[in-house]
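Given next are the chains, with one letter for each unit.
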Amino acid sequence: MGTVVEASSKEASGSSLSQKKPKVVFVLGGPGSGKGTQCANIVEHFGYTHLSAGDLLRAEIKSGSENGTMIQNMIKEGKIVPSEVTIKLLEKAILENENDKFLIDGFPRNEENRAAFESVTGITPEFVLYFDCPQEEMEKRLLSRNQGREDDNIDTIRKRFKVFLESSLPVIEYYNSKEKVRKIDAAKPVEEVFKTVKALFTPVVDKAAA
Ligand SMILES: Nc1ncnc2c1ncn2[C@@H]1O[C@H](COP(=O)(O)OP(=O)(O)OP(=O)(O)O)[C@@H](O)[C@H]1O
Ligand SMILES: Nc1ccn([C@@H]2O[C@H](COP(=O)(O)O)[C@@H](O)[C@H]2O)c(=O)n1
Ligand SMILES: [Mg+2]
């Protein structure tokens with residue numbers, strides 16, 4: 001009689017995502033570079049679903065989850081929440097959505113995020129959108145965002161910039177070495193930035209017909 005090996009629950013959840021085989025674009029850039037703003041435009045024109053890791057973490061705090069206080073403290077300090085927590089939220093959001101193409105905004109934020117996501121989900125991104133913006137411009141935008149975010153104060157903003165330079169830029173460099181990065185000048189006005197973004201999402205056949 002052959003041996004039956006039962007899949008562990010981790011393998012089972014991994015396999016449901018690998019069965020789904022979603023198309024994923026990572027959207028990266030410093031705090032205030034305009035990731036969320038441009039994702040909203042991409043959703044409207046190209047039918048992607050936007051998943052912001054920061055928004056999922058903020059929703060987790062509001063839901064009263066057992067991780068809520070830990071997440072809130074990390075966000076206030078501009079620190080990166082352990083990958084396990086963020087990846088579970090992303091996996092759940094992908095599986096609950098019928099769409100098969102996702103913009104994952106603000107993730108992976110460090111090497112741990114990147115490696116854990118690839119090994120847990122088996123997903124590698126189609127490409128990585130990188131919104132490149134000078135720090136002074138990002139600071140100005142964040143200080144006038146007025147969305148009531150607890151991390152939009154000058155002390156936390158400076159900590160977030162430091163984390164971006166030390167932990168997130170190396171992830172962009174990693175994907176650049178794989179020729180996956182599409183770097184965009186994000187210092188321009190919203191409409192101009194979107195013109196460049198649009199060209200990246202428009203299939204070559206459509207461009208030829210235009
Ligand atoms: N190209 C732009 N020019 C001027 N202002 C912009 C531009 N893009 C976005 N903004 C404004 O800057 C602020 C930050 O934008 P947004 O929330 O999209 O950034 P983000 O990269 O998602 O930031 P975070 O990482 O903090 O979530 C918002 O108030 C938005 O309206
Ligand atoms: N992969 C991530 C993404 C975000 N965070 C935490 O959330 C804060 C806000 O993120 P935004 O993308 O909305 O700016 C961020 O500063 C981190 O504290 C995270 O831990 N991991
Ligand atoms: Mg955002």
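Please read these numbers as outputs of a predicted model, since none were measured by experiment.

The next point concerns the sheet that holds strand E4 (residues 127–132). Across the sheet, 5 strands lie side by side as E2-E3-E1-E4-E5; this open sheet has parallel pairing. With one partner strand each, in any of the chains shown, strand E2 (49–52) and strand E5 (181–185) form the two edges of the open sheet. The mean angle between the axes of side-by-side strands here comes to 20°, regardless of whether they run parallel or antiparallel. The pairing of strand E1 (residues 23–29) with E4 spans 5 bridges and is classified as parallel. Looking at the pairing, Leu-28 lines up with Tyr-130 of E4. Helix H3 (residues 53–62) rests against E2 and strand E3 (101–105) of the sheet, and its axis sits at about 65° to E2.

In this section: the side chain of Thr-86. Structurally, Thr-86 is set in helix H5 (residues 83–96). Discounting residues that sit within four places of it in the chain, Thr-86 has contacts with Ala-53, Leu-57, Val-81 and Phe-107.

The next subject is the UniProt feature "binding site: ATP" (unreviewed entry) in the chain. Per the UniProt record, "binding site: ATP" (unreviewed entry) is annotated on Gly-32, Ser-33, Gly-34, Lys-35, Gly-36, Thr-37, Arg-145 and Lys-188. By the secondary structure assignment, Gly-34 is in the loop between E1 and helix H2 (35–46). Within the element layout of this structure, Thr-37 appears in helix H2. Accessibility expressed as a relative area gives 41% for Thr-37, which makes it partly exposed.

Now for the nonpolar core. Ranked by internal contacts, the top residues of the largest apolar core, which has 22 residues, are Phe-26, Ile-104, Phe-107 and Phe-117. If you list the elements that add at least two residues to this core, you get E1, H5, E3, E4 and helix H8 (154–177). Not counting residues up to four positions away in its chain, the partners in contact with Phe-26 are Ile-104, Phe-107, Pro-108, Phe-117, Pro-125, Phe-127, Val-128, Leu-129 and Tyr-175. Among the nonpolar cores identified, the runner-up in size contains 21 residues, and Val-25, Leu-142, Ile-157 and Phe-194 belong to it.

Reading the values: the criteria
Residues numbered from 1 in each chain as written. Chains lettered and ligands numbered in written order. Predicted model: local features only at pLDDT ≥ 70, side-chain atom pairs only at ≥ 80, totals over all residues. Heavy atoms only, no water. Pairing = 2+ DSSP bridges. Helix = DSSP H or I, 4+ residues; strand = E, 2+ residues; numbered from the N terminus. Axes fitted to C-alpha atoms, helices over the stretch in contact; angles between N-to-C directions. Contact = heavy atoms within 4.5 Å. UniProt positions renumbered as here; feature names shortened; annotations may be inferred. Buried < 20%, exposed > 50% of the residue type's maximum accessible area, 1.4 Å probe, protein only. Core = buried A, V, L, I, M, F, W, Y, C linked by side-chain atoms within 4.5 Å.

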